[in-house]
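Given next are the chains, with one letter for each unit.
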Amino acid sequence: MTGATAVGVNAREPHRAPVVVTVLICAFLTFPTLGARRKESISADDLAAGATADQSSGWQPFEENRGQADSGALFLTRGDGYAARLDADGFDLLLAPAPGGPAAGHLRLDFAGATGSGSVLGEDPSPGVVNYLRGASPGGWIVGVPIFGAVKYADLYPGIDLTVSGNRRQLMLRFDLESDSDPGAVTLHFDEDARTEIDPRTGDLLVGTAGATVRLRPPAGTAFTLESGAVTWSVSGAGPGEARTISMTLDRRLTGDPSGIAAVAPALTDEEVTRVAVGSDGGTYVTGRALAIGADGAEAFVARYDRADKRPIYTTYFGGSAEDVPLGLVVTANHEAIVGGWTRSTDFPIANALQPVLAGASGAFVLRLSADGATPIFSTYLGGGGDEEARSVALGEDGEIWIAGRTRSFSTLPRHASTPAIGSGLRGGYDALVAALDGDGLRLLDAVDLGGIGDDSAEAVGLDSSGRVWIAGSSTSPDFPAPAAGAGPAPQGRAAGASSSHAFVVALDPDSLAPSFVSRIESGGTVTATGLAVVA
């Protein structure tokens, strides 16, 4: 490998049996997620003592390849800001870009000189599974993919096993050596075009390609040496019966917040956990978008996590060949996740649909999954010839599904023959959309558009005990929202110094969907409402 970067172990002293040498290489990758942003780091000494970068970061699942990736891949894993594809010869790291940065970066790491004579198997199996509902044909869906807490490469080098594990923010490579094995055989090669240098301030090794730079910290008490593209460090001999742990950290030096719900989600691009819900059993449900392995961009997912140990019960990736963005999430009493969003995919996984065909360039979707995440109870487009988005979903008392979002083509939304046409049609760029589907997704029960001469969008929806539908959102229309009947005169325009956009809260009568309460919130700047909680 001319020009490749090799990382190796150099044994300075002869081994004395019985000796077990453990080499732990920890890839510590952080990425901006939800919440307050701060730098997180961990020393090699902490790792050697068995600490982790963040004890709340969660258990890292490794999924067996059952056809969801190329045939050469053996296992896949996704952490916060990175994804990895493991094969017999090494692994590929896909690194999410920093906010506003270039495209995601790629680094290849090979086990140089490995014999690879042993098996590669998952360890620490989990009852959880991964499902892939990709494309319109159910024949191409892959469900029930098993997940593990680690992957073991048996006899990767003579007398040396490798175990790969992680904890959401780290990849840990542990080499277990028999007493007569040679630690100098362990050599890691990075991409031939990778840029490498030793940081003179810290002694860390910097490895970078287009869109990705990582930092390898040397084991405590040792230093890297870089000569002709080969990087080595020293391992001292151990006495009889002693074990030795050498720790390294691969650090992207990005800010991150490992606390909160984002810590249990799959690999994220910036701010891509879009909605969180809690089920009746106390379990956590998350939807958003994750780094796509083996393809560009991101793919939509919904995941369910156990209340006790926070391990995934299922993670279901879904969508078509274009952009799919989940934005709303609600969970039924029997643990069925309902996701709303928008898509450009004409091959979205559709099942038992009110609208089986995408009518415009993009449209809203509503997906209801079985409790195990493997089967769409229904999945439907919702939209006319313009653009629609489902930005929030809620459940009604009778099991109906309420959707809040925005529309450019309200008058052409699909309707059941008995569904009344409520609303007066588009008046600005976007109108706020409120619609209700029956629980099986086959009938549009009600729909109304709300807005003025600008752009209006409903961002959140909820229902009170009397059945009134509450929405909150944002608007650039000076004539929206108008006051409810009897509440005073409608606004005649934007006052001097008022915001270019304002927030609104509207309550709709359960029978007529006419506004029974309106509130407009504005200031000297831009004001938006993105969430809503209804009590009573």
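### Focus on the overall build of the protein
- A tally of helices and strands in the protein yields one helix and 34 strands.
- Residue burial in the protein is summarised as follows: out of 536 residues, 55% are buried.
- Once local pairs closer than 6 in sequence are excluded, the contacts in the protein between residues at least 24 apart make up 63%.

### Quick notes on the pairing of strand β26 (residues 376-382)
- Of all seven residues in β26, six are buried; the element is thus mostly enclosed.
- Here strand β25 (residues 363-369) runs beside β26; their pairing, made up of six bridges, is antiparallel. From the neighbouring strand, L367 faces β26, where its bridge partner is S379.
- Following β25, the chain reverses through six residues before pairing antiparallel with β26; G373 in that reversal takes a positive phi of roughly 75°.

### So, the sheet that holds strand β27 (residues 388-395)
- Strand order in the open sheet formed by four strands is β27-β28-β29-β30, and the pairing between neighbours is antiparallel. The outermost strands of the open sheet, each flanked by one partner alone, are β27 and β30 (444-450). Each strand axis lies, on average, 20° off the axis of its neighbour in the sheet, ignoring direction.
- Bridge count for β27 against strand β28 (residues 401-407) is seven bridges, and the pairing is antiparallel. Paired with E389 across the two strands is R406, which belongs to β28.

### Side note on the confidence of the model for the protein
- Scored by pLDDT, the protein comes out at a mean of 76, with 69% of its residues at no less than 70.
- Mean pLDDT values for the elements of the protein range from 26 in strand β2 (residues 20-28) up to 98 in strand β24 (residues 337-343).
- Confidence over residues 238-265 falls short of pLDDT 50; this stretch has 124 contacts with residues more than four positions distant or in other chains.
- Across residues 267-271, where pLDDT falls below 50, the model places 27 contacts with residues more than four positions away in sequence or in other chains.

### Focus on the side chain of T380
- With respect to the element layout, T380 can be found in strand β26.
- Look at T380 and you get buried, because its relative accessible area is 0%.
- There is a polar contact of 2.9 Å between the side chain of T380 and the backbone nitrogen of Q355.
- Once residues within four sequence positions are removed from consideration, T380 is found in contact with I350, A353, L354, Q355, A364, F365, V366, L437 and G441.

### Concerning the nonpolar core
- Core analysis: the largest hydrophobic core is formed by 32 residues, its most contacted members being L86, F111 and F175.
- Here the element with the most residues in this core is strand β9 (residues 142-157); it accounts for five residues.
- Excluding its chain neighbours within four sequence positions, the residues that come into contact with L86 are F62, A73, L74, F75, T77, F91, V151, Y153 and V164.
- By size, the runner-up hydrophobic cluster in this structure holds 19 residues, among which are L329, F348, I350 and L367.

### Re the sheet that holds strand β31 (residues 456-463)
- Ordered by their spatial adjacency, four strands build an open sheet running β31-β32-β33-β34, and the pairing between neighbours is antiparallel. The open sheet has two edge strands, β31 and β34 (515-521), and neither has a second partner. Put simply, the sheet's adjacent strands are angled 20° from each other on average, direction ignored.
- Note: β31 against strand β32 (residues 469-475), seven bridges, orientation antiparallel.

### Notes on unusual backbone geometry
- Even without being a glycine, D124 presents a positive backbone phi close to 55°.
- Within the secondary structure, D124 sits in strand β8 (residues 120-134).
- Here H335, not a glycine, exhibits a phi torsion of approximately 70°, which is positive.
- On the secondary structure map, H335 appears in the loop between β23 (324-331) and β24.

The rules behind the values
Residues numbered from 1 in each chain as written. Predicted model: local features only at pLDDT ≥ 70, side-chain atom pairs only at ≥ 80, totals over all residues. Heavy atoms only, no water. Helix = DSSP H or I, 4+ residues; strand = E, 2+ residues; numbered from the N terminus. Buried < 20%, exposed > 50% of the residue type's maximum accessible area, 1.4 Å probe, protein only. Contact = heavy atoms within 4.5 Å. Pairing = 2+ DSSP bridges. Axes fitted to C-alpha atoms, helices over the stretch in contact; angles between N-to-C directions. pLDDT = per-residue confidence, 0-100. Polar contact = N/O pair within 3.5 Å; in protein donor to acceptor, adjacent residues only side chain to side chain. Core = buried A, V, L, I, M, F, W, Y, C linked by side-chain atoms within 4.5 Å.

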